[in-house]
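Each chain, letter by letter, is given below.
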Amino acid sequence: MTRTPVNVTVTGAAGQIGYALLFRIASGQLLGADVPVKLRLLEITPALKAAEGTAMELDDCAFPLLQGIDITDDPNVAFDGANVGLLVGARPRTKGMERGDLLEANGGIFKPQGKAINDHAADDIRVLVVGNPANTNALIAQAAAPDVPAERFTAMTRLDHNRALTQLAKKTGVQVSEIKKLTIWGNHSATQYPDIFHATVAGKNAAEVVNDEQWLAEDFIPTVAKRGAAIIEARGASSAASAANAAIDHVYTWTNGTAEGDWVSMGIPSDGSYGVPEGLISSFPVTVKDGKYEIVQGLEINDFSRARIDASVKELEEEREAVRALGLI
Ligand SMILES: NC(=O)c1ccc[n+]([C@@H]2O[C@H](COP(=O)([O-])OP(=O)(O)OC[C@H]3O[C@@H](n4cnc5c(N)ncnc54)[C@H](O)[C@@H]3O)[C@@H](O)[C@H]2O)c1
Ligand SMILES: O=C(O)C[C@H](O)C(=O)O
């Protein structure tokens, strides 16, 4: 049977994450090995030539699933008929830039992209924001797309989730596949809270297996939360292949579902669960079935976790206030 190709729009396509991402999308890893794709690459005008170079390389791979590549600097063209939007391109913080300047510069990117999604994307559009500050950029794009259901706008915390899986696996001496039900709460920033209290290690409660609150507070949490900065320090550039990998994981799970007895972390609009104010795009534990995610309900939150979730949520609220004051939402 011939399937209709899925239109996947990638912004910042000529950047480092774009380079690590596009070939994996074209090979079928984003949506499935039997799903044909058409790629739309959005870049700023000066980077169009580099995007063309990447497209030449994509052609040279002769991917059987890749049914077309369009390159543009116009968001309205890039999102026309888009089924999946991967919003990677963002304005990095440069020397002397204040946080407000960064939010304002990103507003100039994510507001028009949100509007283009609102006006031109397919009815089933799903959006993943990778570009930082990812949660608040997702909020800006979502606010500019009032006709698209809010839950279609998500922010990436799957990289943090994957980082936490490996750190816990190393500590407990198991393979990552033996760890289930780990959660990242809050913002994709240094305030995020990787929570092992509901996680299991080879079927046993992870916090009990670890039994070391000092390691948790002074090693595990800061290692996961500051891993992005540690990669920048080591590589001289921010994480790219692991970020692309997490974007693939995020969309694959959103489309194909979570495994029985496990969940993943996604930055999604809060419905008020766990005391996170409604509408904030915050990371939660979610299960996915039939293309729809649901927040895992009924988890008991102890005082250790509560304080950390609240701190990250407070930061998200401050970011929301800042973009509100700038008229971006
Ligand atoms: N959420 C996460 O876990 C996570 C992880 C790693 C990196 N990031 C973020 O992802 C973003 C991209 O990282 P990178 O390493 O690929 O950066 P990069 O600088 O290599 O590439 C970014 C690309 O975006 C393009 N761009 C800028 N403005 C654009 C616009 N308006 N429309 C389309 N394209 C535009 C640039 O021309 C550039 O090619 C950064 O904000 C980074 O901080 C997020
Ligand atoms: O780009 C960054 O600031 C870091 C990135 O978000 C990461 O988590 O690796």
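Values in this document were obtained by computation on a predicted structure and should not be read as measured data. (Residues numbered from 1 in each chain as written. Chains lettered and ligands numbered in written order. Predicted model: local features only at pLDDT ≥ 70, side-chain atom pairs only at ≥ 80, totals over all residues. Heavy atoms only, no water.)

### Describing the site of ligand 1
Test applied: Note on definitions. A residue lies near a molecule or strand when any single heavy atom of the residue is within 4 Å of it. Within 3.5 Å is the distance limit for a polar contact, defined as a pair of N or O atoms, with the added protein rule that one can donate a hydrogen and the other accept it, and that residues adjacent in sequence qualify only through two side-chain atoms. Only the protein chains shown count as covering a residue, and every accessible area follows the Shrake-Rupley method with a 1.4 Å probe. Working definition: helices are DSSP H or I runs of at least four residues, strands are E runs of at least two. Numbering for both runs from the N terminus. Residue classes follow a fixed rule: Ala, Val, Leu, Ile, Met, Phe, Trp, Tyr, Cys and Pro count as nonpolar, while Asp, Glu, Lys and Arg count as charged, and any other residue, Gly among them, counts as polar.
Surrounding ligand 1, one finds 23 residues, the nearest of these being Gln16, Ile17, Glu43, Val130 and Asn132. For ligand 1, an oxygen atom lies 2.8 Å from a polar atom in the side chain of Gln16. Relative to its unbound accessible area of 860 Å², ligand 1 is 81% covered by the protein chains. Counting only elements with at least two residues in the shell around ligand 1, the list comes to α1 (16–26) and α4 (99–120). Its residues assigned to classes, the shell around ligand 1 shows twelve nonpolar, ten polar and one charged.

### Brief notes about helix α11 (residues 303–325)
Filter applied, for reference: Residue count minus one, scaled by 1.5 Å, sets the expected span of a helix. Only protein chains enter the accessibility calculation, which uses a 1.4 Å probe; a residue whose area is less than 20% of its type maximum is buried, one above 50% is exposed, and one in between is partly exposed. Contacts: residue pairs with any heavy atoms within 4.5 Å of one another.
Helix length check: α11 (23 residues) gives 33 Å between terminal C-alpha atoms against 33 Å at 1.5 Å per residue, within 8%. Within α11 the residues assigned to the buried category are Phe304, Ser305, Ile309, Ser312, Val313, Glu315, Leu316, Glu319, Arg320 and Val323. Summarising the contacts, the buried residues of α11 are in contact with α4, α5 (134–143), β8 (183–185), β9 (193–195), α8 (213–225) and β13 (281–289). Positive backbone phi, approximately 75°, marks Gly327, located one or two places after α11.

### Considering the UniProt feature "domain: Lactate/malate dehydrogenase N-terminal" (unreviewed entry) in the chain
Rule in force here: UniProt positions are given in the numbering used here, feature names are shortened, and annotations may be inferred rather than shown by experiment.
Mapped onto this numbering, the UniProt entry annotates "domain: Lactate/malate dehydrogenase N-terminal" (unreviewed entry) at residues 7–146. Within the segment residues 7–146, helix and strand shares are 44% and 19% respectively, and the terminal C-alpha atoms sit 21 Å apart.

### Structural notes on the UniProt feature "binding site: substrate" (unreviewed entry) in the chain
Here the UniProt-annotated "binding site: substrate" (unreviewed entry) positions come out as Arg93, Arg99, Asn132 and Arg163. The greatest C-alpha distance among the residues just named is 25.7 Å, and with 71 residues of sequence between them they are spread in space as well. Looking at the element boundaries, Arg93 is found in the loop between β4 (84–87) and α4. In this structure, Arg99 sits in helix α4. If near-sequence neighbours (up to four positions away) are discounted, Arg99 is found in contact with Arg93, Glu315 and Glu319.

### Description of the packing of aromatic side chains
Selection criterion: Here a pair means two rings of Phe, Tyr or Trp (six-membered ring of Trp) with centres within 6.5 Å. Their orientation is stacked below 30 degrees between planes, edge-to-face above 60, and tilted elsewhere. Each ring is checked for a lysine NZ or an arginine CZ that lies within 6 Å of its centre and within 35 degrees of its normal; such an atom marks a charge sitting over the ring.
This structure, assessed with the given rule, holds seven aromatic pairs. Ring-pair connections join several aromatic residues into one group, and the members of that group are Trp185, Tyr274 and Phe284. Cation over ring: Arg308 sits above Phe304, and NZ or CZ is 3.7 Å from the ring centre.

### Observations concerning the environment of Ala246
With respect to the helices, strands and loops of the structure, Ala246 is situated in helix α10 (residues 241–256). Assessed through its relative accessible area of 0%, Ala246 is described here as buried. In this structure, the C-alpha to C-alpha distance between Ala246 and Tyr274, residues 28 residues apart in sequence, is 25 Å.

### A look at the pairing of strand β1 (residues 6–11)
Definition in use: By the convention used here, strands pair only if DSSP detects at least 2 bridges between them.
Judged by how many residues are buried, β1 sits mostly within the fold: six of six residues are covered. Residues Val6, Val8 and Val10 of β1 are buried on one face, and the alternating residues Asn7, Thr9 and Thr11, pointing to the opposite face, are buried as well. Relative to strand β2 (residues 37–42), β1 is paired through six bridges, and the arrangement is parallel. The residue bridging Asn7 from the neighbouring strand is Lys38, located in β2. Note: β1 against β4, four bridges, orientation parallel. Considered in β4, the bridge of Val8 is made with Val84.

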